[in-house]
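# What the coordinates show
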Amino acid sequence: MNRSTSENRVLENAPGIFIADITLSTIVILLGFPGNAGVCFLLRKRSDLRKVPHYLFASLAVNGMFSCLLNLPSRLVMVVMVHLLDSPVSAEAACYILIPSGFACGILNAVTLSLMAIDRQDCVLRPFNRRMSKRNITKVIAISWIGTSVLTSAIIVYSLFHESQECDIISRIEGRDPIYVYFGILMVSFNVVSVLIIVITALRIVKRLRSCPLPEARSQHRRQENKLTWLTYKICGVFLVCWLPLFVCFPLAQFGRNFRDLLVGVLIITLAMSNFTYVLNPFLYYRMLN
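Residues numbered from 1 in each chain as written. Predicted model: local features only at pLDDT ≥ 70, side-chain atom pairs only at ≥ 80, totals over all residues. Heavy atoms only, no water.

### Let's talk about helix H10 (residues 277-289)
- Spanning 13 residues, H10 covers 19 Å between terminal C-alpha atoms, matching the ideal 18 Å at 1.5 Å per step.
- Residues of H10 that are buried: Thr277, Tyr278, Val279, Asn281, Pro282, Leu284, Tyr285 and Met288. (Helix = DSSP H or I, 4+ residues; strand = E, 2+ residues; numbered from the N terminus. Expected span 1.5 Å × (residues − 1). Buried < 20%, exposed > 50% of the residue type's maximum accessible area, 1.4 Å probe, protein only.)

Spelled out as structure tokens, the structure:
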């Protein structure tokens, strides 16, 4: 994840950690990019896939492609240059891409999942007065991307005016570096809010369906909406499973002084595993269509 004294010591004592990191990141790139690109191609080709959830799936897929093209390759370059080729200068250059792209992908992923959960809640609780429709969904997605870009621009501007850009988020946050505190607070806030929205909307949907079954449950339209609802929460479930270890390890690595080396090593692996959301999401989508 980050170039730091603690991480370097961990990787020197356990080279299998960075080998596993490289392997996992490579797998995500090789499987995630074609999978997400295929989702975008399918949504563009098929005119019947023009509902609000499909637009949001497309936004999620584009975000996955963006991660596989910028964030993960820069991560690979950084690890290879530092730990295999011993070229920290090249690693610092890769960090200028790694930090803002990782921030943007994380924020946009959380926002898109939140929008998907809200749309599914509206479909069940207020089907005739939904907040997102075909008329405004493109604007909603555009606002989410523009808003994420504005938040990310602060990191990009900060990087341009600092010659040394160490990819050590934990140490920078501990040192109260303003831009890294900004990075940490926003990433945690957006993802925690996203988790709360997912859980609350899921509970409200289950409660509504149990207390008052929707009419025409056997109609084709209702079956399709049910499929989209279950797909949405499966994707949200994948997000929770892939990111939960990272949510647990990050604060432990920051405050667990006695086990710092071990926790940093675990943090590196959990960060690599969190990217598997970009591999599993297209698989779930294609499975629903079949």
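### With respect to the nonpolar core
- Core analysis: the biggest nonpolar cluster contains 65 residues, and Leu113, Ile235 and Tyr285 have the highest contact counts within it.
- Only helix H2 (15-45), helix H3 (52-83), helix H4 (88-125), helix H5 (137-160), helix H7 (178-211), helix H8 (220-255), helix H9 (260-274) and H10 provide two or more residues apiece to this core.
- Among all residues touching Tyr285, those that are not within four sequence positions of it are Val39, Leu42, Leu43, Leu49, His54, Phe57 and Leu231. (Core = buried A, V, L, I, M, F, W, Y, C linked by side-chain atoms within 4.5 Å. Contact = heavy atoms within 4.5 Å.)

### Here's the deal with the packing of H5 against H7
- Where H5 contacts H7, the two axes come as close as 10 Å, and the packing angle between them is 160°. Between H5 and H7, the crossing angle belongs to the class labelled roughly antiparallel. Considering how the two elements wind past one another, H5 and H7 form a crossing that is left-handed. Contacts from Leu151, Ala154, Ile155 and Tyr158 in H5 reach Ile179, Tyr182, Phe183, Leu186 and Phe190 in H7.
- Looking at the contact of H5 with H7, its residues break down into 9 nonpolar, no polar and no charged. (Axes fitted to C-alpha atoms, helices over the stretch in contact; angles between N-to-C directions. Parallel < 35°, antiparallel > 145°, perpendicular 65-115°, else oblique. Left-handed = near helix turned anticlockwise from the far one by under 90°. Nonpolar A, V, L, I, M, F, W, Y, C, P; charged D, E, K, R; others polar.)

### What to know about H7
- The terminal C-alpha atoms of H7, which comprises 34 residues, lie 49 Å apart, in line with the 50 Å expected from a rise of 1.5 Å per residue.
- Among the residues making up H7, those that are buried are Ile179, Tyr180, Phe183, Gly184, Leu186, Met187, Asn191, Ser194, Ile198, Thr201 and Ile205.

### As for a nonpolar patch on the surface
- A surface patch of nonpolar side chains, about 450 Å² in accessible area, is lined by Ile156, Val157, Leu160 and Phe161.
- Within the secondary structure layout, Val157 lies in helix H5.
- Overall, Val157 belongs to the partly exposed group, its relative accessible area being 42%. (Patch = residues over 30% accessible without salt bridge, like charges linked within 9 Å, V, L, I, M, F, W, Y side chains within 5 Å. Areas by Shrake-Rupley, 256 points an atom, 1.4 Å probe, with all protein chains shown as cover. Salt bridge = Lys/Arg side-chain N within 4 Å of Asp/Glu carboxyl O.)

### Focus: the packing of aromatic side chains
- Summed over the entire model, instances satisfying the criterion amount to 3 aromatic pairs.
- Residues Phe57 and Tyr285 carry aromatic rings whose centres are separated by 5.2 Å and whose planes lie at 70° to one another, so their mutual orientation is edge-to-face. Here Phe57 is found in helix H3, whereas its partner Tyr285 is found in helix H10, with 228 residues between them in sequence. The pair formed by Phe57 and Tyr285 is uniform in burial state, with each residue classed as buried.
- With a centroid separation of 5.9 Å and 25° between ring planes, the pair formed by Phe103 and Tyr182 is classed as stacked. Highlighted residues: Phe103 in helix H4 and Tyr182 in helix H7, separated in sequence by 79 residues. (Phe/Tyr/Trp six-rings, centres within 6.5 Å; stacked < 30°, edge-to-face > 60°.)

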